[in-house]
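If you want the building blocks of each chain, they are given just below.
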Amino acid sequence: MPAQKFFVGMKEVEGYTIDYRNLSDGMHQFDFSLGDDFFSSIESSLITSGQVEVQLNLSKHERMGSIQIEHHGKVLSVCDRCMEPLDLPLEGQTSLLVQGSEAIDDEDEEVLVSDVDGKLHLAKVIYDYVSLSIPITKYCDTNPPCHTKLMEKLVESTEESGHPVWNELKKLKLKD
Ligand SMILES: [Zn+2]
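The shown structure was predicted, so the numbers you read here are calculated from the model rather than taken from an experiment.

Criteria and thresholds
- Residues numbered from 1 in each chain as written.
- Predicted model: local features only at pLDDT ≥ 70, side-chain atom pairs only at ≥ 80, totals over all residues.
- Helix = DSSP H or I, 4+ residues; strand = E, 2+ residues; numbered from the N terminus.
- Buried ≥ 20, exposed ≤ 12 C-beta atoms within 10 Å, placed from the backbone.
- Contact = placed C-beta atoms within 7 Å.
- Core = buried A, V, L, I, M, F, W, Y, C linked by C-beta atoms within 7 Å.
- pLDDT = per-residue confidence, 0-100.
- Pairing = 2+ DSSP bridges.

(A) Region of interest: the overall build of the protein chain. In terms of helices and strands, the protein chain carries four helices and eight strands. Along the protein chain, from the amino end to the carboxyl end, the secondary structure elements read β-β-β-α-β-β-β-β-β-α-α-α. Burial analysis of the protein chain (176 residues in total) assigns 15% to the buried set. Counting contacts in the protein chain only where the partners sit at least 6 residues apart, residues at least 24 apart contribute 63% of the total.

This is how it looks when you write it as structure tokens:
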């Protein structure tokens, strides 16, 4: 069985539904602008804030369609190193198939299936691809690197607390 997306019982976000059945055959382009409202309307969204532009190119044919999704923008994240808020640039592109009059049995491609009314619900699909493009490690892009500041903070708190472990760390740091 190919990996299929089912939408039964899923809360749908308005404005991200395409009436696939009533589209003419051929190419169609849809542009979406995702902001805070979009991300907050996605259940258990990992993204709370951001601005991401999405261009969706849909090619419809009787037996099978395809969708190309491209996105670029920024989302609010947190640096893994210093825990400061971070405007994280994102971009990505992907493609998937849309089931038409024939069932698609392709193990390698993700297949979208329209609902009983012939509509494609894309909010969660778009969200998934945007959130998948978040890198596993996210760091501030600053010079000097933000961990230097973190080290300074540690050294400062050492001076305040006078804990022997921190004093040892301070000596190590001073040796470099
Ligand atoms: Zn940082």
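(B) Highlighting the nonpolar core. Leu34, Val54, Ile67, Leu120, Leu122 and Ile126 are the most contacted members of the largest nonpolar core, which has 25 residues in total. The set of elements that each furnish at least two residues to this core consists of helix H1 (36-41), strand E4 (50-60), strand E5 (64-78), strand E6 (85-99) and helix H2 (123-132). Among the elements that take part in this core, H2 stands out by supplying five residues, more than any other.

(C) Representation of unusual backbone geometry. Its identity is not glycine, yet Ser44 carries a phi of approximately 40°, on the positive side. With respect to the secondary-structure elements, Ser44 resides in the loop between H1 and E4.

(D) Spatial organisation of the confidence of the model for the protein chain. The pLDDT averaged across the protein chain works out to 84; a share of 83% of its residues lies at or above 70. Looking at the elements of the protein chain, mean pLDDT is at its lowest for strand E1 (residues 4-5), recorded as 44, and at its highest for E4, recorded as 96. In this model, residues 1-10 is a region of pLDDT below 50 whose contacts with residues beyond four sequence positions or in other chains number 16 contacts.

(E) Geometry of the environment of Pro85. Mapped onto the fold, Pro85 is located in strand E6. The sequence separation of Pro85 and Tyr139 amounts to 54 residues, and the corresponding C-alpha distance is 10.0 Å. Beyond its immediate stretch of four places on either side in the chain, Pro85 contacts Leu76 and Val78.

(F) The pairing of E4, seen in detail. Sheet topology note: the strand E3 (residues 26-34)/E4 ladder contains nine bridges and is antiparallel. Within E4, the position partnered with Gly26 by the bridge is Lys60. Note that E4 and E5 share 10 bridges and pair antiparallel. Among the inter-strand pairings, Ser59 is bridged to a residue of E5, identified as Ser66. Between E4 and E5, which pair antiparallel one after the other, the connecting turn spans three residues.

(G) Just the pairing of E5, in detail. With 15 bridges connecting them, E5 and E6 associate as antiparallel partners. Residue Val75 lies in a different strand from E6, and its bridge partner there is Leu88.

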